[in-house]
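If you want the building blocks of each chain, they are given just below.
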Amino acid sequence: MNILIMIAQLILGLSILIFFHELGHFLVARLFGIRVDKFYLFFDAGGFKLFSFKKGDTEYGIGWLPLGGYCKIAGMIDESLDKDAMKSEPKPWEYRSKPAYQRFLVIIAGVTMNLIIGIFIFAALLFQMEKNYLPISEVNKQGIYAGEIAKEVGFQDGDKILEVNGKTIERFKDAIPMKILLGGNLTIERAGLRKTILIPDSTYKKMIHQSNGLPFLDAANYPLIVDTTIPNFPAEKAGLKSGDRILAVNNTKVPTFGFFRQKVKELKNDSIHLIVLRQSDTLLVNLKNDSTGYIGILSVPPYQYKHYTLSNSLYYGTKDAFDLIITNVKGLGKIFTGKEKASESLQGPIGIATIYGPVWNWGRFWYITGMISLVLAFMNILPIPGLDGGHMVFTLYEMISRRKPSDNFLEKSQMVGMALLLALMFFAIGNDIFRLLK
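First, a word on scope: everything that follows refers to the structure included in this document. What you are looking at is a predicted structure, and each value in this text was computed from that prediction instead of being measured.

## So, empty space enclosed by the protein
Right, so step 1: Counted under the stated rule, the structure contains two cavities of 30 Å³ or more.
Right, so step 2: Here the largest cavity defines a volume of roughly 220 Å³.
Right, so step 3: For the largest cavity, the lining is made up of 16 residues, of which Tyr95, Arg103, His391, Lys404 and Leu410 are closest to its centre.
Right, so step 4: Mapped by element, the contributors of at least two residues to the lining of the largest cavity are α13 (388-401) and α14 (407-437).
Right, so step 5: A per-element tally of the lining of the largest cavity places α13 first, with four residues.

Right, here's the structure in full:
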């Protein structure tokens, strides 16, 4: 059942993104009077299809192979490699007869649609599900709690975040995006003095392999007072109650919630002795930690949160979207420079399905789908024949040089590009299978 849920989420997410990507091409092509022969969700490889109908000049349908989709534009050399259609003289309603700028807009429309969908999903999640955000001004009242890897870089508990890459921020979450862990700098205030801390581009790797599941920087630099305990976890079984203040763990003083969480993580599967202040009484509470190092305590931060309005949801949704694209650009750069292995970074359909997870959670589903939409926009714009980026490069060349590449050149380039993409797809799928077996 878990596998079916992952597959269903993958197919639904890709169906939405593929449909809107191809719809972008379709709408702009029709806007310029270009005929669209086929509009398909998934590929009808071998001529097999699950469903189809024809309206006007266009055949609409659903193919059987869920690895993409396509909008077959008349007079365009695309993945179908239909050479016969290119032998006759260009017709007024064909792609190849239109001005270069119109053809460029047709090509870029798919990527633009994926970008818009990604931004819309991120903004909607902020407005409808996340609803509130933690202002950096609230965190700076206590200062941040620095994880072990952050301390290695130079942070200290109580540091106040002033700027990220030279820019002031409003939300605390903007102080710790993944793009910062791939290299950046934070300006802090410590004991009344400003200081800029450089974050090496290898920090993200340490966070993956050495962080023990703990954050780089956290808004947990406040005393630990228990709000609730989670049923069946060690804290509830040991009798901890709402309002209890934890003073020490195994005779080590607990100054903050962040310190307590880190200490408990270090004591997985061990016995833990807590000194607890309950009203005016000091108690000794013993419990057995489990293998997760999570004893099941919830503590309410002493902060005032701000509400996402419609306008700042759109603003921050756009910001989060472009932050994610920048992160992917940096990540791809690491692969090309040899700092990161492609086998550890590239995900195929199996890997993406596992990211969705075995439980259908709509918030997570839409976040992953929005993320994939933005990744597709970035990947599709790469200047590789067979991708939209390849068509864009050839069209830009024509617009600048006033010379159009020959159909023979475009056909051969398309074949080379498709071969590269198929090889990449087989590599990604094989890599997914290897990870599962490993």
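After that view, the rundown keeps rolling.
## Focus: the sheet that holds strand β9 (residues 193-199)
Right, so step 1: The antiparallel open sheet is built from three strands, whose spatial order is β7-β8-β9. Looking at the sheet topology across the chains shown, the edges are occupied by β7 (160-164) and β9. Looking at each pair of strands side by side, their axes are set apart by 30° on average, direction ignored.
Right, so step 2: In this sheet, strand β8 (residues 184-190) lies alongside β7 in antiparallel orientation, the contact comprising four bridges.

## Regarding the layout of surface pockets
Empty space among the atoms becomes visible once a probe the size of a water molecule is rolled across them.
Right, so step 1: Taken as a whole, the second largest pocket holds about 250 Å³ of empty space.
Right, so step 2: The greatest single-element share of the lining of the second largest pocket, amounting to four residues, is contributed by helix α9 (residues 310-336).
Right, so step 3: For the lining of the second largest pocket, the class distribution of residues is five nonpolar, two polar and six charged.

## Some words on the sheet that holds strand β4 (residues 65-73)
Whenever strands of a sheet pair, they do so through backbone hydrogen bonds, lying parallel or antiparallel.
Right, so step 1: Judged by pairing direction, the sheet is mixed, and its four strands sit side by side in the order β2-β3-β1-β4 without closing on themselves. Taken across any chain shown, the strands that pair with only one partner, and hence form the sheet edges, are β2 (49-55) and β4. In this sheet, neighbouring strand axes are inclined to one another by 10° on average, regardless of whether the strands run parallel or antiparallel.
Right, so step 2: Bridge count for strand β1 (residues 36-43) against strand β3 (residues 58-63) is four bridges, and the pairing is parallel. Within β3, the position partnered with Leu41 by the bridge is Ile62.
Right, so step 3: In this fold helix α1 (residues 2-31) packs onto β1, β3 and β4, with an angle of close to 170° to the strand it touches most, β1.

Conventions we followed
- Here the residue numbering is sequential within each chain, running from 1 through the sequence in written order.
- For a predicted model such as this one, the threshold for reporting local features is a pLDDT of at least 70, and the threshold for listing and counting side-chain atom pairs is 80 or more; totals across whole chains, interfaces and linings nevertheless cover every residue.
- Hydrogen atoms and water are omitted, and side-chain values are computed over all heavy atoms in the structure.
- We place a 1 Å grid over just the protein atoms. Points where a 1.4 Å probe fits but has no way out form a cavity, open points with protein on both sides within 12 Å along at least 5 of 7 lines form a pocket, and any residue with an atom within 4 Å of a point lines it.
- Grid points are joined across faces, edges and corners, and a volume is the space filled by probe spheres set on the points.
- Put simply, DSSP H or I for four residues or longer makes a helix, DSSP E for two residues or longer makes a strand, and each gets a number counted from the N terminus.
- Each pair of strands is called paired provided DSSP finds at least two bridges between the two strands.
- Angles shown run from 0 to 180 degrees and are taken between the N-to-C directions of axes, each axis being a line fitted to C-alpha atoms and, for helices, limited to the stretch in contact.
- Any residue that is not Ala, Val, Leu, Ile, Met, Phe, Trp, Tyr, Cys, Pro, Asp, Glu, Lys or Arg is counted as polar, Gly included; the first ten are nonpolar and the last four charged.
- Residues count as neighbours in contact if any of their non-hydrogen atoms are within 4.5 Å of one another.

Worth remembering: the numbers are spatial, not functional.
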